[in-house]
Amino acid sequence: MKIAFHTLGCKVNQYETEAMKEQFAAAGHQIVGEENFADAYVINTCTVTNLADRKSRQYIRKMKKVNPDSVVAVTGCYAQVSPDEVSKIEGVNIVAGTGEKQNLLQYIEGYLLEEETQCHVKAYEELDKYQSSGIITSMESRTRAYIKIQEGCNRFCSYCIIPYARGKVRSRDLAEIAEEARGLIAKGFKELILTGINTALYGEDLGYGGIEPLIAELNALPGDFRIRLSSLEPTVINAQYVKSLLKYEKLCPHLHLSIQSGADHVLGLMNRRYDRSFYLDIVRVLKDFDPLYGITTDIIVGFPGETEEDFADSLRVIDEVGFCKVHVFKYSPRKGTKAAALAGQIAGEVKNSRSKALIEKAAEDARRFFALCKDAQRRVLFEEISEDGLLTGYTDNYIKVYVPGESEMLNQFYNVRLLKEYKDGMKGEIVYG
């Protein structure tokens, strides 16, 4: 059987698609590109926004058109949260929730025998045990590999549907993670990116007291590689906890630390469980360790009840932190969340103007960060060749770097002197000796 996959959404979905591909390939099925004619199509969906739902529906219909006689299986967060809605989409044969991805091979092979539509979705209460998808051995990237370490979230931010889509917090066995890491390192991967629905909650259910025991285990593995955390939530960790992670030399000096708003008033409405001061305490620890520590973040504009003063606080926090990158999102009501019913919904034109202003402020901040990094030497892992023939890769502190070089230098570490801003990062020169 020829089978194609399409993935929407987060890094966890990307990891899980890779796990499904390896499962199907091990059973003797042929993996083909999503634009190709296939006997079965798997759409791994996202539901973080209403737009994500719409994109999921578009891809479901698109892939069925490639082969009208194909089996179409829809899995992921949209399938979990809205199984009835997904089942009604013309051409859908199988619906499988987030707790059923590891069973899709069985479901699709069963459908080929009986041709009966199926819907497999566990209730939220049943999403309480980590379901291993086995050990993955490869990723589409040849340099950076994602490793899923946990599932679920118990924070219930007022704007977020994901806890309902992913279930309770449950952590992957540490020994299995280490085994997967050893295999990926042996295959030549030079960067391991630890990811999950809320990675800061890793180990909470296992009595580990946090993610540090896992970092220590991976840091001790032999080989020339580095570890990157996809994110840590300030709803879970504090300045002292972050400080305890800084001693691990293979852990990149970069952290995605979502603030979502610079205003305490809005953070309270979001149920984020921290305030601006708490967040800035974490930042100070990181910047004291390395003034060029890379901090990336997410900020939502136009949240219900956000005043002009609140928005000004979000602008100010960008200057206070010195982010290397800010992801800006315009709030959109998500059915099923508390925020969708809040008073004070912000008009679209106000959201647009605030978004534009915040994006401009974030760009200024990135330029300031690049200027601070000028003449610094950072370790870069080269991943690909750009359209203009330059090697590209990321520094340990997450700056995209462009340098002249040869393809033989891909998937290798080099010390690079950062010279000037260029495109979405900086130009540099390799430092030999």
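Scroll up to find the structure.
Procedures and definitions
- Residues numbered from 1 in each chain as written.
- Predicted model: local features only at pLDDT ≥ 70, side-chain atom pairs only at ≥ 80, totals over all residues.
- Heavy atoms only, no water.
- Salt bridge = Lys/Arg side-chain N within 4 Å of Asp/Glu carboxyl O.
- Helix = DSSP H or I, 4+ residues; strand = E, 2+ residues; numbered from the N terminus.
- Pairing = 2+ DSSP bridges.
- Axes fitted to C-alpha atoms, helices over the stretch in contact; angles between N-to-C directions.
- Contact = heavy atoms within 4.5 Å.
- Expected span 1.5 Å × (residues − 1).
- Buried < 20%, exposed > 50% of the residue type's maximum accessible area, 1.4 Å probe, protein only.
- Polar contact = N/O pair within 3.5 Å; in protein donor to acceptor, adjacent residues only side chain to side chain.
- Left-handed = near helix turned anticlockwise from the far one by under 90°.
- Core = buried A, V, L, I, M, F, W, Y, C linked by side-chain atoms within 4.5 Å.
- Disulfide = S-S within 2.5 Å.
- Phe/Tyr/Trp six-rings, centres within 6.5 Å; stacked < 30°, edge-to-face > 60°.
- Lys NZ or Arg CZ within 6 Å of the ring centre and 35° of its normal.
- Lys, Arg positive; Asp, Glu negative; His and termini not counted.

K.L.:
Please clarify how the pattern of salt bridges should be interpreted in this entry.
P.N.:
One side chain can pair with another of opposite charge once the charged atoms of both are near each other. The tally for this structure, following the rule as stated, stands at 33 salt bridges. Here Asp224 and Arg379 are joined by a salt bridge, their closest N and O atoms 3.0 Å apart. Here Arg379 lies in strand β14 (residues 377–385) and Asp224 lies in the loop between α8 (212–219) and β10 (226–229), a separation of 155 residues in the sequence. When salt bridges with common partners are traced through the structure, they connect Glu16, Lys101, Lys148, Glu151 and Arg166 into a single cluster.

K.L.:
Just to check I follow, could you spell out the sheet that holds strand β11 (residues 254–256) for this structure?
P.N.:
In a beta sheet, neighbouring strands are held together by backbone hydrogen bonds and run either parallel or antiparallel to one another. A sheet is described by the order of its strands in space; here three strands give the open sequence β11-β12-β13, paired in parallel fashion. Edge strands, defined here as strands with exactly one partner in the open sheet, are β11 and β13 (325–330). Within this sheet the neighbouring strands show an average axis-to-axis angle of 15°, counted without direction. Sheet strands in contact with helix α11 (residues 276–289) are β11 and β12 (294–301), and its direction is about 160° off that of β12.

K.L.:
Can you walk me through helix α7 (residues 174–186) in this structure?
P.N.:
In an α-helix, one turn spans 3.6 residues; hence positions three or four apart end up facing the same way. An ideal rise of 1.5 Å per residue puts 18 Å on 13 residues; α7 measures up with 18 Å between its terminal C-alpha atoms. Taken as a whole, α7 has its buried residues at Leu174, Glu176, Ile177, Ala178, Glu180, Ala181, Leu184 and Ile185. For α7, the elements touching its buried residues are α1 (11–26), β7 (144–151), β9 (191–196) and α8. One side-chain oxygen of the residue at the start of α7 lies 3.2 Å from the amide nitrogen of Ala175, identifying that residue as Asp173. Following α7 by one or two positions, Gly188 has its phi on the positive side, about 105°.

K.L.:
Which parts of the structure should I look at to understand the packing of α7 against α8?
P.N.:
Any two packed helices are characterised by the angle at which their axes cross and by the distance between the axes. Where α7 meets α8, the axes come as close as 10 Å, and the angle between the chain directions of the two elements is 30°. The two elements α7 and α8 meet at a crossing, and its hand is right-handed. On the side of α7, the interface is formed by Leu174, Ile177, Ala178 and Ala181, while α8 contributes Pro213, Leu214, Glu217 and Leu218.

K.L.:
Sorry, what's going on with the sheet that holds β7 here?
P.N.:
The strand order across the open sheet formed by four strands is β8-β7-β9-β10, and the pairing between neighbours is mixed. What marks the edges here is a single partner per strand, and that holds for β8 (170–171) and β10. Of the pairings in the sheet, the one linking β7 to β9 comprises six bridges and is parallel in character. When the sheet's bridge partners are listed, Arg144 is paired in β9 with Glu191. The strands that α1 touches are β7 and β9; relative to β7, the one it contacts most, it runs at about 105°. Sitting on the sheet, α7 is in contact with β7 and β9, with an inclination near 175° to β7.

K.L.:
Explain the nonpolar core to me, please; I cannot follow it from the model alone.
P.N.:
Across soluble globular proteins, nonpolar side chains have a tendency to be buried as a group. By size, the foremost hydrophobic cluster in this structure holds 60 residues, and its most contacted members are Leu194, Ile211, Leu214, Leu229, Tyr279 and Ile295. The greatest single-element share of this core, amounting to six residues, is contributed by α11. Ignoring sequence-local partners within four residues, the contact set of Ile211 consists of Ile149, Thr199, Tyr202, Leu229, Tyr241 and Leu245.

K.L.:
Got a minute to help me understand the state of the cysteines in this structure?
P.N.:
A disulfide bridge is the covalent bond that connects two cysteines by way of their sulfur atoms. Scanning the model with the defined rule gives zero disulfides in all. Looking at Cys157, it has no disulfide partner, and the nearest cysteine sulfur is the one in Cys160, 6.2 Å off. Cys324 provides the cysteine sulfur closest to Cys252, a residue in no disulfide bond, and the two sulfurs are 12 Å apart.

K.L.:
Can you walk me through the packing of aromatic side chains in this structure?
P.N.:
A ring pair, where both rings are aromatic, is described by two values, the distance of the centres and the angle of the planes. Going through the model one piece at a time under the given rule, you end up with 11 aromatic pairs. Ring centres of Phe289 and Tyr293 lie 6.5 Å apart, and the angle between their planes is 70°; on these two criteria the pair is classed as edge-to-face. What makes Phe289 partly exposed here is its relative accessible area of 45%. Residue Tyr293 is classed as buried on the basis of its relative accessible area, which comes to 5%. Lying across the ring of Phe413, Arg379 places its NZ or CZ 4.0 Å from the centre. Sitting above the plane of the Tyr422 ring, Lys427 keeps its charged end 4.7 Å from the centroid.

K.L.:
Any chance you could explain the side chain of Glu22 here in plain terms?
P.N.:
Relative to the elements of secondary structure, Glu22 occurs in helix α1. Buried and without a salt bridge, Glu22 has Lys187 as its closest oppositely charged side chain, separated by 6.8 Å. A distance of 3.0 Å separates a polar atom in the side chain of Glu22 from the backbone nitrogen of Ser138. Other than its neighbours up to four places away in sequence, Glu22 contacts Ile135, Ile136, Thr137 and Ser138.

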